[in-house]
Amino acid sequence: FAMAPGRFGASILLAYAFVQVGQCFVSVSPAGMRFFPVSTSDARLFGSSMAKPTLRGRSGALGCSSSFLEQVRERKVKEVEQLKANMPENVAKILETGAKNKNRYLKAIKKPKGTISVVPQIKTQAPNLGKFASLPAVDVLSAHCYEAGASAIAVCTDKELYGTDWESLKKVAAQQARYKGKFPGPLPVIAFDFFIDEAQLALAASYGCDAVCLNAALLGSSAKDMLASADRMGMDALVEVHNKAELDIAIEAGAKIVGISNRDMETFNLKHPVDYQLRIWNEPLEETVFGLIKDVPEGVIATAMGGCNETLVAWTLRDEGYSSIMVGEAIIRGSEMRMASSAYSAAYNEAKGLIMAFKAKGSKKYGPSATGSFFGKGEGAKESLGMMSI
């Protein structure tokens, strides 16, 4: 509220409102209404309350009475009960007999120092964003990932939280199967879900998964048994960790791949957002969760997860020692933009350019100014059909 002189000298009470609506701020004042897009810099300027969006699922906002993980665990317990009560025959067979693990996912993402592998994560929504994209043909995106040189593909199978499901994974895997006999061969597929029971792992194996993502914050000490079960069923396991204590749990459990995530699993917010205007973390790299790379033992593959949507961020992680990055939102948005192609925009879309830019041995000093503007068509994607940003 503000006092302003009136037309005849009297003071007039003026009311102003400044509120966040979705991904924009709305300013309401006597001068009218204006919309301002939210950026990470805005979050720093206006305080941390901006960085606490409502967690959302398909049925709307998730409850606030318990943590994100507690709500997920309760729902997964019910899902496991239903699966065991109506277990398909092929799932029961895998659960009983297991399968040989060929370590396809591990071999695909393991890269020598100075290079990095890219694992696109397929989803159409997220708990902290709600629905952000529509993918009418996940098999087309699966083909784009292969053509761009991705090392593997992650598919989120929790439809409630991510909008994609086991049928989505089935279509992605079917598209990859078409590359059998070619070089490179089919990309390994990893199921991204919240696994709490080996019956879920058997279900993943029945869909042809090469790997699964296990969440250390959710599993705790049971991570060791789940790792052993995944291996027995012929799958690699990426253990997602969020702090030093969880990293220790993963290493002690025998994890060969750790995914160091930049998310707070109690709220699902990014712990340390990246400033996409300044192209840096809001805090020094060594003080962020990504600083855990120094604690990863020799021989264990490190994957960066959460907020890796900027080319220079990917190159920074590569230079810090990460072998792989898992990228979701940016690739999905890029693919959605060019899913419908024409003679001029062709099948070469932003998603392909972004994957190629992430992989490129580009310089952080002379890299593209922003992923949001270039989607990989800058110096980092110079190998890609000679496309350039002007």
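Residues numbered from 1 in each chain as written. Predicted model: local features only at pLDDT ≥ 70, side-chain atom pairs only at ≥ 80, totals over all residues. Heavy atoms only, no water.

Chemist: I tried to follow a positive patch on the surface on my own but got confused; where do I start?
Modeler: Judged by side-chain charge, K100, K102, K107 and K180 come together as a positively charged surface patch. Structurally, the position occupied by K107 is in helix α4 (residues 104–109). For K107, a relative accessible area of 59% corresponds to the exposed category. (Patch = residues over 30% accessible without salt bridge, like charges linked within 9 Å, V, L, I, M, F, W, Y side chains within 5 Å. Areas by Shrake-Rupley, 256 points an atom, 1.4 Å probe, with all protein chains shown as cover. Salt bridge = Lys/Arg side-chain N within 4 Å of Asp/Glu carboxyl O. Lys, Arg positive; Asp, Glu negative; His and termini not counted. Charge placed at Lys NZ, Arg CZ, Asp CG, Glu CD. Helix = DSSP H or I, 4+ residues; strand = E, 2+ residues; numbered from the N terminus. Buried < 20%, exposed > 50% of the residue type's maximum accessible area, 1.4 Å probe, protein only.)

Chemist: Is there a simple way to think about the nonpolar core in this case?
Modeler: Generally speaking, soluble globular proteins have nonpolar side chains that are buried together. Counting 78 residues, the largest nonpolar core has I122, F195, L201, V212, L214, Y322 and I325 as its most contacted members. Not counting chain neighbours up to four residues away, the residues in contact with F195 comprise W166, Q200, L201, A204, V212, C213, L214, L218, L219 and M226. In this structure, C156, A211, M265 and F268 belong to the second largest nonpolar core, which totals 25 residues. (Core = buried A, V, L, I, M, F, W, Y, C linked by side-chain atoms within 4.5 Å. Contact = heavy atoms within 4.5 Å.)

Chemist: I tried to follow the packing of aromatic side chains on my own but got confused; where do I start?
Modeler: The description of an aromatic ring pair uses the distance of the two centres, along with the angle that the planes make with each other. Tallied over the full model, the rule gives four aromatic pairs. Here Y146 and Y179 contribute two aromatic rings whose centre-to-centre distance is 3.7 Å and whose plane-to-plane angle is 5°, an arrangement assigned as stacked. Here Y179 lies in the loop between α7 (166–177) and β12 (189–192) and Y146 lies in helix α5 (residues 138–148), a separation of 33 residues in the sequence. Across the pair, Y179 and Y146 agree in class, each one buried. Relative to F192, the ring of Y162 has its centre 5.8 Å away and its plane inclined at 85°; by these criteria the two rings are edge-to-face. Of this pair, Y162 sits in helix α6 (residues 159–162) while F192 sits in strand β12; the two residues are 30 residues apart in sequence, bridging distant segments of the chain. (Phe/Tyr/Trp six-rings, centres within 6.5 Å; stacked < 30°, edge-to-face > 60°.)

Chemist: For this particular structure, what's the right way to read the sheet that holds strand β15 (residues 257–261)?
Modeler: In a beta sheet, neighbouring strands are held together by backbone hydrogen bonds and run either parallel or antiparallel to one another. Spatially, the eight strands close up into a barrel ordered β8-β11-β12-β13-β14-β15-β18-β19, and their pairing is parallel. Along the sheet, successive strands turn relative to each other by an average axial angle of 25°, direction set aside. Relative to strand β13 (residues 211–215), β12 runs parallel, the two sharing three bridges. For I190, the partnering residue across the bridge sits in β13 and is A211. (Pairing = 2+ DSSP bridges. Axes fitted to C-alpha atoms, helices over the stretch in contact; angles between N-to-C directions.)

Chemist: Explain unusual backbone geometry here, please?
Modeler: Glycine aside, a negative phi is what most residues show, and trans is what most peptide bonds show. The linkage connecting F183 with the following residue, P184, adopts the cis geometry, with an omega of -5°. You will see that N103, though not glycine, has its phi angle at about 55°, which is positive. Locating N103 in the fold gives a position in the loop between α3 (89–97) and α4.

Chemist: Is there a simple way to think about the environment of A250 in this case?
Modeler: Mapping A250 onto the fold places it in helix α11 (residues 244–252). It is 8.8 Å that separates the C-alpha atoms of A250 and G220, two residues lying 30 residues apart in sequence. Setting aside chain neighbours within four positions, we find A250 in contact with V239, V241, A255 and V258.

Chemist: Help me out: how do you make sense of the pattern of salt bridges in this one?
Modeler: One side chain can pair with another of opposite charge once the charged atoms of both are near each other. Counted under the stated rule, the structure contains 13 salt bridges. Two residues, E79 and K76, come together in a salt bridge whose shortest N-O distance is 3.1 Å. On the criterion of helical spacing, the pair formed by E79 and K76 is a turn pair, its members being three residues apart in helix α2 (residues 68–85). The class for E79 is partly exposed, based on a relative accessible area of 31%. A relative accessible area of 1% means that K76 is categorised as buried. Residue E147 pairs with K352 through a salt bridge whose shortest N-O separation is 2.5 Å. You can see E147 sitting in helix α5 and its partner K352 sitting in helix α14 (residues 350–359), a full 205 residues away along the chain. Since its relative accessible area comes to 43%, E147 is described here as partly exposed.

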